[in-house]
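Listed below, chain by chain, are the residues.
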Amino acid sequence: MATQTQTPPLRRRKVECGPLSLKQPNAPPLLERLKSTSASRHNAIQSSRQNNAIRLYNKNAWLRPMCSPYGRNFVSIWKPLFLVTIISCITTPLIVLNKNDDEIISFCQEKTSSESALSYIIISLTFLLVFRLNRAAVRHYEARQLCGLMIVNLRDTIVQSNASLSHDNPDSRDALCAFAVGYPVCFAWYMWTIADSQIFDEARFRSMLDGLFDEDTVSTLIAAKNRPMALIQMALSELESSFEGLPDTPIQAEAYGQLAKMIRGLGLSLGGCERIQGTPLPYVYVVHLRSFLVIVLAAMPILFACDWEWATIPLSVLIAFGLLGIEAASVECEQPFSPRPSKNHHDVEKFCVVVSTEAQDLLRMNDSILEQNNRSDLEDGMRLQK
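Residues numbered from 1 in each chain as written. Predicted model: local features only at pLDDT ≥ 70, side-chain atom pairs only at ≥ 80, totals over all residues. Heavy atoms only, no water.

Caption draft 1: Main features of the packing of helix α6 (residues 170-195) against helix α10 (residues 250-278). Taken N-terminus to C-terminus, the directions of α6 and α10 make an angle of 15 degrees; their axes are 10 Å apart at the nearest point. Of the possible angle classes, the one that applies to α6 and α10 is roughly parallel. When the axes of α6 and α10 are compared, the crossing they make is right-handed. On the side of α6, the interface is formed by L176, F179, Y183, F187, Y190, M191, I194 and A195, while α10 contributes L259, I263, L266, S269, L270, C273, E274, Q277 and G278. (Axes fitted to C-alpha atoms, helices over the stretch in contact; angles between N-to-C directions. Helix = DSSP H or I, 4+ residues; strand = E, 2+ residues; numbered from the N terminus. Parallel < 35°, antiparallel > 145°, perpendicular 65-115°, else oblique. Left-handed = near helix turned anticlockwise from the far one by under 90°. Contact = heavy atoms within 4.5 Å.)

Caption draft 2: Looking closely at the pattern of salt bridges. For the structure shown, the criterion picks out 14 salt bridges. Across the pair R155 and E358 runs a salt bridge, and its minimum N-O distance is 2.6 Å. Of the two residues, R155 sits in helix α5 (residues 112-165) while E358 sits in helix α13 (residues 348-385), which places them 203 residues apart along the sequence. A relative accessible area of 26% means that E358 is categorised as partly exposed. (Salt bridge = Lys/Arg side-chain N within 4 Å of Asp/Glu carboxyl O. Buried < 20%, exposed > 50% of the residue type's maximum accessible area, 1.4 Å probe, protein only.)

Caption draft 3: Representation of the environment of L125. In this structure, L125 sits in helix α5. Counting along the chain gives 167 residues from L125 to F292, while the straight-line C-alpha distance between them is 8.0 Å. In contact with L125, not counting residues within four places along its chain, are L289, F292, L293 and V296.

Caption draft 4: Structural context of the nonpolar core. F179, Y183, F187, F213, L221, L231 and F337 are the most contacted members of the largest nonpolar core, which totals 64 residues. Of all the secondary structure elements, the ones that give two or more residues to this core are α1 (30-46), α5, α6, α7 (202-208), α8 (215-223), α9 (227-242), α10 and α13. Considering every element that reaches this core, the biggest residue donor is α6, with 16 residues. Setting aside its immediate chain neighbours within four residues, F187 contacts C147, M150, P228, S269, L270, C273, F337 and V348. Core analysis: the second largest hydrophobic core is formed by 19 residues, V84, L118, L303 and F304 among them. (Core = buried A, V, L, I, M, F, W, Y, C linked by side-chain atoms within 4.5 Å.)

Caption draft 5: Quick look at the state of the cysteines. If you walk through the whole model with that rule in mind, you get one disulfide. The disulfide that involves C108 links it to C306, with 1.9 Å between the sulfurs. Around the S-S axis, the bridge from C108 to C306 shows a dihedral of about -70 degrees and counts as left-handed. With C108 in helix α4 (residues 102-110) and C306 in helix α11 (residues 283-308), the pair connects residues that are 198 residues apart, well separated along the chain. Note on C108: relative accessible area 24%, which makes it partly exposed. What makes C306 buried here is its relative accessible area of 16%. (Disulfide = S-S within 2.5 Å.)

Caption draft 6: Structural context of the side chain of R227. Its place among the elements puts R227 in helix α9. Among buried Asp, Glu, Lys and Arg side chains, R227 stands out as unpaired, with E202 the closest opposite charge at 8.0 Å. Polar contacts involving the side chain of R227 include one to the main-chain carbonyl oxygen of L221, which spans 3.1 Å. (Lys, Arg positive; Asp, Glu negative; His and termini not counted. Polar contact = N/O pair within 3.5 Å; in protein donor to acceptor, adjacent residues only side chain to side chain.)

Caption draft 7: Main features of the packing of aromatic side chains. Using the criterion set out here, one finds eight aromatic pairs in the structure. Taken together, a centroid distance of 5.8 Å and an interplanar angle of 90 degrees make the contact between F187 and F337 edge-to-face. Of this pair, F187 sits in helix α6 while F337 sits in the loop between α12 (312-334) and α13, and the two are 150 residues apart along the sequence. Taken together through their ring pairs, the aromatic side chains of W189, W192, F200 and F205 make up a single cluster. One cation-aromatic arrangement involves R227 over F200; the distance from NZ or CZ to the ring centre is 3.9 Å. Positioned above the aromatic ring of F205, the side-chain terminus of R227 is 5.7 Å from the ring centre. (Phe/Tyr/Trp six-rings, centres within 6.5 Å; stacked < 30°, edge-to-face > 60°. Lys NZ or Arg CZ within 6 Å of the ring centre and 35° of its normal.)

Geometric descriptors of this kind do not, in isolation, establish any biological role.
See below:
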């Protein structure tokens, strides 16, 4: 006789509401709070990204991006570029104006082997710079992929909470949806403080979470060293208490397991982005590459002035700008999150606004569906009584 496999009951422990509870029993429903605070929250979230730092751009444009200084990280390369320019402006007139002197003639005749060696070194440095840029680009897009996974988990948490808890436990549904809206904010601040530990702004942080949590929860998040993990812990505690008293059916067990998996899954994207944001390319590689790059670029106007003459100055600056620009792009892409973002940093502000807007829309749709179902049940009951 075949044995039937029984679904094990949910293993729960009773969790009392305390300072870490995400519920707000005396507050209006989350949908009303989201509607009333969305404008102020979104303004606070997007206040750090200026118009010239908007990530989207016209991919078919050429002239305007070429002439624009924004998003090109000139700050990190102006010193070596200035050094090459100064050396070019000093050595070029000395060689060109005195090209009939015996010493200059002898120098120009004996530098052929040095030119050849310098050309090979420039080619090697170019490959090393391209490798560095490639590694930075890989990290950049890996971080974006992890952010996409985070958004998927948050959306699924909102949808599953609506489906499983709207009827039996709307307060817990609102608490978990508030968690999903607030988590990208905590994630963004955590990534920003890795880049600059002094950047945290408590007033702005509170404005970005306006209407989502009570004062005790916000204060706990402010005091936490790892705010995203603190919020995940609160959400898991809320999840345990939300299924307390509900029937131990296979459907409820599956819903509980799915929600727990989604919430815990946020740790994967958090850990991956933390690794990328906090681990630059090895110091020895960067320093050695930059040392040889500056030496070669500084020697270029000295060795090529005999052949290029007055064109040495613009050509040296142009070549230096091209090679140093690759290094600048690598530096810009190496840390994909920044509290002072440019066009090259991931738009975590947009992620926060997207999740908030979608949560509000999904809650509105879910409440509308529940209202229609209740109306249909009432009409069916009245027809049965007749």
